[in-house]
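# Inside the fold
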Amino acid sequence: MAERPAFFIRQGSVVTGSYTFEWFPGFAASQKQKSIESLHYAIMEADAGAKPLEISTRSREAVGRSLSAFRLKWKGRALENIFQSSKVFENGGPYLDLLDVPPRDAKRDERLRSSGALKAFRCRNETFPLLPKTVFYDFLYIAAVKDSLAAEEIKEVSHYNYFTDIEFHPAKSINTQARAAAIIKLMLEEYGRLPDFEKEDFIQYHKAHVTY
């Protein structure tokens, strides 16, 4: 058995629920999809009105695969490269050369672990704080979705009300495409589209509408 979160909307905020389900070990796509189905079944058992969507390359739904962070770009750059190259540490960074390497190499660069404590994110002359703790990743993800997907494809998110990411483990990381997708769902409910938030406006929106 395993336990993983799902993200959904309650009373105008993105919240997190935790669900126990049967885990199917192995790296094959079929095994991952079995685990996803098991997690989604647990969600639907808890809420008869649940319509869960997996946000990853392992999703059975085309929109879920399209929303995978590994497939998204912003201003022609892979989301992962932008995120890693924006990190500012007490002893270095941002390491802008990470914009021009394969995304997996950017994530594994040794400097990200040897430059001291993370202090902020700096991207396109804007500095983002560490708190709220996922605000920069969520801002970047949503910007990449707007840049990578057509408006009609984005609106497909509205057909679902729970969002999962089978690889995300909250004990190991804090950022997840599933939470960001739930924010997109909330924005679509409120605005009918993804608004063009400036940095400070998005930070305030995040503080008001995302809980941990």
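Residues numbered from 1 in each chain as written. Predicted model: local features only at pLDDT ≥ 70, side-chain atom pairs only at ≥ 80, totals over all residues. Heavy atoms only, no water.

### Considerations on the environment of Ser 30
Quick note on the threshold: Numbering goes from the N terminus for both helices and strands, where a helix is a DSSP run of H or I of at least four residues and a strand is a run of E of at least two.
For Ser 30, the location among the structural elements is in helix α1 (residues 29-46). Note: C-alpha distance between Ser 30 and Arg 58 (28 residues apart in sequence) is 8.7 Å.

### Observations regarding the packing of helix α6 (residues 135-148) against helix α8 (residues 177-191)
Cut-off, in case you're wondering: All axes are obtained by fitting lines to C-alpha atoms, using only the stretch in contact for helices, and the reported angles, taken between N-to-C directions, cover 0 to 180 degrees. Roughly parallel means an angle under 35 degrees; roughly antiparallel, over 145; roughly perpendicular, 65 to 115; everything else is oblique. Put simply, a crossing is left-handed when the front helix is turned counterclockwise from the back one by less than a right angle, and right-handed when it is turned clockwise. Residue contacts follow a heavy-atom distance rule, with two residues in contact if any of their heavy atoms lie within 4.5 Å. Gly is put with the polar residues, along with every residue not named as nonpolar or charged; the nonpolar set is Ala, Val, Leu, Ile, Met, Phe, Trp, Tyr, Cys and Pro, and the charged set is Asp, Glu, Lys and Arg.
Relative orientation of the contacting elements α6 and α8 amounts to 65°, with a least axis distance of 9 Å. With respect to α8, the axis of α6 lies roughly perpendicular. Viewed along their axes, α6 and α8 form a crossing whose handedness is right-handed. Between α6 and α8, the residues in contact are Tyr 137, Asp 138, Tyr 141, Ile 142 and Val 145 and Gln 177, Arg 179, Ala 180, Ala 181, Ile 183, Ile 184 and Met 187, respectively. Taken together, the residues of the contact of α6 with α8 sort by class into nine nonpolar, one polar and two charged.

### Brief notes about the packing of aromatic side chains
Operational definition: In this scheme Phe, Tyr and Trp rings, the latter by its six-membered ring, pair at centre separations within 6.5 Å, and the angle between planes marks the pair as stacked below 30 degrees, edge-to-face above 60, and tilted otherwise. Relative accessibility under 20% of the residue-type maximum defines a buried residue, over 50% an exposed one, and the middle range a partly exposed one, all with a 1.4 Å probe and only protein chains included.
According to the stated counting rule, one finds 16 aromatic pairs in the structure shown. Taking the centre distance of 6.3 Å and the plane angle of 50° together, the rings of Phe 7 and Phe 168 count as tilted. Here Phe 168 lies in the loop between β9 (162-164) and α8 and Phe 7 lies in strand β1 (residues 2-10), a separation of 161 residues in the sequence. For the pair shown, Phe 7 and Phe 168 are each scored as buried. Judged by centre distance (6.1 Å) and plane angle (85°), the ring pair of Tyr 191 and Phe 197 falls under edge-to-face. Members of the aromatic cluster, joined through ring pairs, are Phe 83, Phe 121, Phe 128, Phe 136, Tyr 137, Phe 139, Tyr 141, Tyr 191, Phe 197, Phe 202 and Tyr 205.

### A closer look at the pattern of salt bridges
Counted only if it meets this: Just to be clear on terms, a salt bridge is a Lys or Arg side-chain nitrogen sitting within 4 Å of an Asp or Glu carboxyl oxygen.
Overall, the coordinates contain ten salt bridges when judged by the stated rule. Note that Arg 10 and Asp 47 form a salt bridge whose closest N and O atoms lie 3.4 Å from each other. In this pair, Arg 10 is assigned in strand β1 and Asp 47 in the loop between α1 and β3 (52-54), connecting sequence segments 37 residues apart. Owing to a relative accessible area of 22%, Asp 47 belongs among the partly exposed residues under this scheme. A salt bridge links Asp 100 to Arg 77, with the shortest nitrogen-to-oxygen separation between them at 2.4 Å. Placement of the pair is Asp 100 in the loop between β6 (87-89) and α4 (103-108) and Arg 77 in strand β5 (residues 77-78), with a sequence separation of 23 residues. Exposure remark for Arg 77: the relative accessible area of 31% places this residue in the partly exposed category. Overlapping salt bridges, with partners in common, bring together Asp 97, Asp 109 and Arg 111 in one network.

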